[in-house]
Amino acid sequence: MKIANRISGLFLAISLVITGIATFFLYETSKAILRRSIERGLSTAVASRAMHIVTYLNMLESSVAQLSKNAVIENYMKISGEEGPERDRAFVLAMERIKMAKDANPSIAEYLLMDNTGIVAASSRPESLWQNVSTDALFLGAKKKFYIKDVYRSKTDKELLIAVSMPLLDSKTDQLLGVVSAKVRLAELYNIVTQKTGVGERGEIYIINKYGYMITPSIYKKDVALRQMVDTDIVKRARLYKGEGPIGPTSETAMILINYCGFEVLGSYQCIPLLRWIIIAEIDIKEAFKPLANLHKIFLLILIIVPVFSGILGRYLARVIARPIEILTKEAEVIGRGDFDHLMTVKVDTKDEVGRLSRAFQKMVMDLKDTTVSRDLLMKEMVNRVNAQKEASAARRDWEDSFNAIGDMITIHDADFNIIRANKAAESVLGLTISEILKQKCFKSYHGKDSPPDACPSCKVFKTGKNAVAEIFEPHLNRFIEIKAMPRLDADGKVIGLVHIVRDITDRKKAEEKLHNALKDEIRAREIMTSMLDDNNQIRQELEKKLSELKQVQSMLVQSEKLASLGRLVSDMAHEVNNPLMVISGNAQLSLLDGSLKGELKNYIEIIHSECNRAKSIIERLLMFSRPGKGEQKLVDINASIESIIKLLDHSFGLSNVKIITHFTPGLPFVLVDDKHLQEVFMNLLNNARDAMPKGGKVVISTSLDEKRVKIEVRDSGVGMDEATLSRLFEPFFTTKEKGTGLGLSVCYGIIKAHNGELKFTSQPGKGSTAYVFLPITGRG
Amino acid sequence: MKKILVVDDEEMIVNIMEKFLTMSGFGVVRAVGGEAAMKVLDSDERIDLMIVDMRMPDISGIDVVKKKIELKKKFPVLFLTGAVDAGSSLDEIEKEDITENDILLKPVDLSVLLGKIKDKLKIS
């Protein structure tokens, strides 16, 4: 919503509320004032009427009292019952006196005198004379004191009357002589009451007597006196009053009620306790509040005009305020699109807040323009820098990649032997991470020492400032290394550190060594050739020896291949044989279990069973050759293991005149083997050695470390073997013994093979044989 | 009654086993060949122990045991075989279920077999 609309709407709403409230209060106040003035008028009206009535009654009382105390009247009343001229004279005098009183007070309808028996003894109206009124309240009520007879209708002329009476007493004896009474036409009172002042056109003042009847005429109804009963709210209220005194109080505020004719009036009352009358003044409420109707129209007009004007005013003010803001908004939108060169079309150049805002805005635009230009320059600069940084890091990466690609260990040191940079090769050869390397001094990393070693090329560089080279065997790294150290110089040519290149030359060294040895061999060969040129036999022998060695290796290869296929054959055969064997053995066993076999037959079957078991044990031995299983592997001290077998065999060997000699290398690493299987191997080897020496001799068992294997040698001084025997040595069922099964060495071969070891023989006929067992130190068999 | 699954490609051997085991008071489920054994394993038939040959022409005994492990069947296994094949994949099932002691070589002594069975079924 626009600000202008909001402001004018706000103005309209506020003025509507304020005007509405003000109008309402004004109206209510006017109404209250008007009502109060009407009420005051009504109260005054009833109060003054009541006062008049009371005064009139007082006047009546005093006039009756005068008569009652009149000597002429008293005299007449004393003798009124007698006969005679004196009495007649007194009668005439009394009549005159009464007539005089009547003439003096024309509002009174009749004066009358009654004797103490209730007979009218004198009257201003001759018609009343000698009537008996002894039962009339007029007479009865006044025997002792002043009495007012309430409104009643005259029996003769049907006129409404009220009467006052007073006892007539003997002035000397206070004896009741009669009653003096005065009758008054109510019409006399009407003149006082019904003057229509202060009650408007449709209002009236009327009196309700103690019985609740209206005793005054009505302007709305005819002939209501003593006939119209009035029991409206105002009468009920007035009845609550039980005060004394001539005039009772008016209700403090007048009340709105429905009057006896059924329309709404504002009424006020006044009680007259003496008569127990209620004077009521009522004014028609429509008539009473008629002036308000005009006021009503005026207020409605105000209620319309004021908000309309304030709405217009609000609209105008809003435009005054919002217009410059709108201009600024449009400008801001243009500038927001980046058009800083856009000049403000309408200048808001007032001296108020908006003007200040406008000027600040213009200044901001100028600043923003400047800033944007600077920002663009900055962005360009940043892009340049980022590019430069990218190039730099690419170059750095290139350099690092190259640095790391070099296979030689390269480290860069400072002047205090600290390594400040190292390549990947250094990391892998030193077995340290880059961060670990960078924490160490160079001599710690390379040499495992706490100070530079002798012949340290780095020290030389620091001393001479020139390149230095050294080739050493570094036990810490277990390598031959070539160290090149090159100084790093600062601008003044001062050595600030060095580049340290280490090349692993172990292989080269070994090759050199081999070359060296080969050279040595060659030299020796030449020596032999030159010195023993004539001795062709020896040369041939050498050659033949080499050739035979070569053949031997070849035959070993052939043999191992042959043994492997033999192993497979054995396994297949065992399968094929064991199934029918199972059938045979099973049936034999079932037959035996049956229990019905007896005698010879049982014996035959038992033989079948036991022979099956024998066949089975042969096959099991065979299987040891093809796949001996792993058994229970544990770490075994090979020397102790062999020692325990020797203990077992020593005695029987002694009987065969064979001596066992041991050359154990102490402290050999343990081997992971199944000791039971291994002992079977050595048992076999030793037994074979003994069998090769029927005339006795010695067996030498030696153990040693051969690279990463334990080597066990069993050398006998027996008959030896020829080539043919050697090549078939491990074949199952191959034997040179009369009683041999031909499985012993096959099983040995299988066992050693299963331990990832090696079993081989060297032998020469007549010179004895040597068995070699190699077992790996680590790794599972 | 404990039920024993006997697996062998040689029907006569199955017959012998059935006869012997029945005599010894066991229930026997026959399976001539690896295929038949697989069917028994797939069924809901309760098995308390399996005696299985290792080398069979259709499915090897080791594959039958692998299937048993895969089906999460907990009963123990005894191998009854002519020979342990060199290079067989026994290692794969070794740690799970089978040790070298559970491999019996044919021809087996039936009393030894009975001892092993009772051992496995934990009956005396």
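Only a predicted model underlies this, so the values are computations on that prediction, with no experimental measurement involved.

Definitions and limits used
- Residues numbered from 1 in each chain as written.
- Chains lettered and ligands numbered in written order.
- Predicted model: local features only at pLDDT ≥ 70, side-chain atom pairs only at ≥ 80, totals over all residues.
- Contact = placed C-beta atoms within 7 Å.
- Helix = DSSP H or I, 4+ residues; strand = E, 2+ residues; numbered from the N terminus.
- Nonpolar A, V, L, I, M, F, W, Y, C, P; charged D, E, K, R; others polar.
- Buried ≥ 20, exposed ≤ 12 C-beta atoms within 10 Å, placed from the backbone.
- Core = buried A, V, L, I, M, F, W, Y, C linked by C-beta atoms within 7 Å.
- Arc of directions from axis to C-beta.
- Pairing = 2+ DSSP bridges.
- Right-handed = clockwise from strand over helix to strand, strands pointing away.
- Axes fitted to C-alpha atoms, helices over the stretch in contact; angles between N-to-C directions.
- Parallel < 35°, antiparallel > 145°, perpendicular 65-115°, else oblique.
- Left-handed = near helix turned anticlockwise from the far one by under 90°.

A. Local environment of the interface of chain B and chain A. If you look at the interface, chain B gives 18 residues, while chain A gives 23 residues. Among the elements that make up the side of chain B that touches chain A, the one with the highest residue count is helix α1 (residues 11-23) of chain B (six residues). Its residues placed into classes, the side of chain B that touches chain A shows eleven nonpolar, one polar and six charged.

B. Expanded view of the environment of Gly-696 of chain A. Residues and elements named next belong to chain A. Relative to the assigned elements, Gly-696 resides in the loop between α18 (675-691) and β18 (697-706). For Gly-696, a count of 15 C-beta atoms within 10 Å corresponds to the partly exposed category. The residues touching Gly-696, leaving out its near neighbours within four places in the chain, are Ser-656, Asn-657 and Val-658.

C. The arrangement of the nonpolar core in detail. Cys-748 of chain A together with Val-7, Ile-51 and Val-52 of chain B are the most contacted members of the largest nonpolar core, which totals 80 residues. Excluding residues that lie within four positions of it along the chain, Val-7 of chain B makes contacts with Ala-31, Gly-34, Ala-37, Met-50, Ile-51, Val-52, Asp-53, Gly-61 and Val-64 of chain B. Among the nonpolar cores identified, the runner-up in size contains 68 residues, and Val-151, Val-164, Ile-272 and Ile-279 of chain A belong to it.

D. Inspection of helix α13 (residues 457-464) of chain A at higher detail. Residue and element names in this part refer to chain A. Restricting attention to buried positions, one finds in α13 the residues Pro-457, Ser-458, Val-461 and Phe-462. End-on view of α13: buried residues confined to an arc of 145 degrees, all on one side of the axis. Seen from the open side of α13, the exposed residues pointing more than 90 degrees away from its buried face are Lys-463 and Thr-464. Following α13 by one or two positions, Gly-465 adopts a phi angle in the positive range, close to 75 degrees.

E. Spotlight on the pairing of strand β1 (residues 108-115) of chain A. Here β1 of chain A lies mainly inside the structure; seven of its eight residues are buried. What sits between the antiparallel neighbours β1 of chain A and strand β2 (residues 120-123) of chain A is a turn of four residues, in which Gly-118 of chain A has the positive phi angle 95 degrees.

F. Representation of the pairing of strand β1 (residues 3-8) of chain B. All names here are of chain B. Within β1, five of the six residues are buried, which leaves it mostly tucked inside the rest of the structure. As judged from the six bridges shared by β1 and strand β2 (residues 27-32), these two strands associate in the parallel manner. Opposite Ile-4, over in β2, you have Val-28 as the bridge partner. Following the backbone out of β1, through α1 and into the adjacent parallel β2, one traces a crossover that is right-handed. The pairing of β1 with strand β3 (residues 49-52) spans four bridges and is classified as parallel. Residue pairing for β3: Val-7 is matched across the bridge by Val-52.

G. Spotlight on unusual backbone geometry. Note that the residue after Lys-106 of chain B, namely Pro-107 of chain B, is joined by a cis bond; omega there is -10 degrees. Here Pro-107 of chain B lies in the loop between β5 (103-105) and α5 (110-121). With a phi angle near 70 degrees, Phe-417 of chain A is a residue other than glycine that sits in the positive phi range. In this fold, Phe-417 of chain A is placed in the loop between β10 (409-414) and β11 (419-422). Residue classification places Phe-417 of chain A among the buried positions, given that 21 C-beta atoms sit within 10 Å.

H. Summary view of the environment of Leu-57 of chain A. All names here are of chain A. Tracing the backbone shows Leu-57 in helix α1 (residues 3-68). Residue classification places Leu-57 among the partly exposed positions, given that 19 C-beta atoms sit within 10 Å. The sequence separation of Leu-57 and Ala-163 amounts to 106 residues, and the corresponding C-alpha distance is 9.9 Å. Once you skip the residues sitting within four places of it in the chain, Leu-57 turns out to touch Ile-148 and Leu-274.

I. View of the sheet that holds β18 of chain A. All names here are of chain A. One open sheet holds the five strands; their spatial order is β16-β18-β19-β21-β20, and the pairing between them is mixed. For this open sheet the edge positions go to β16 (658-663) and β20 (758-764), each flanked by a neighbour on one side alone. On average, each strand axis in the sheet is inclined to that of its neighbour by 15 degrees, with strand direction left out of account. Sheet topology note: the β20/strand β21 (residues 768-776) ladder contains seven bridges and is antiparallel. The residue bridging Glu-758 from the neighbouring strand is Phe-774, located in β21. Its contacts with the sheet place α18 against β16, β18, β19 (709-716) and β21, and it is angled at close to 25 degrees to β19.

J. View of the packing of α1 of chain A against helix α8 (residues 290-336) of chain A. Residues and elements named next belong to chain A. Relative orientation of the contacting elements α1 and α8 amounts to 160 degrees, with a least axis distance of 7 Å. Regarding the angle of α1 to α8, the classification is roughly antiparallel. Between α1 and α8 the crossing geometry is right-handed. Among the residues making up the contact of α1 with α8, the classes are represented as 24 nonpolar, nine polar and three charged.

K. Examining the sheet that holds strand β6 (residues 204-208) of chain A more closely. All names here are of chain A. Across the sheet, which stays open at both edges, the four strands sit in the order β6-β9-β8-β7 with antiparallel pairing between neighbours. Looking at the sheet topology across the chains shown, the edges are occupied by β6 and β7 (255-258). Ignoring which end each strand starts from, the neighbouring axes of this sheet average 40 degrees apart. Across five bridges, the pairing between β6 and strand β9 (residues 277-284) is antiparallel. Considered in β9, the bridge of Ile-207 is made with Ile-279. On top of the sheet, α1 reaches β6, β8 (264-272) and β9; it is set at about 30 degrees to β8, its chief contact.

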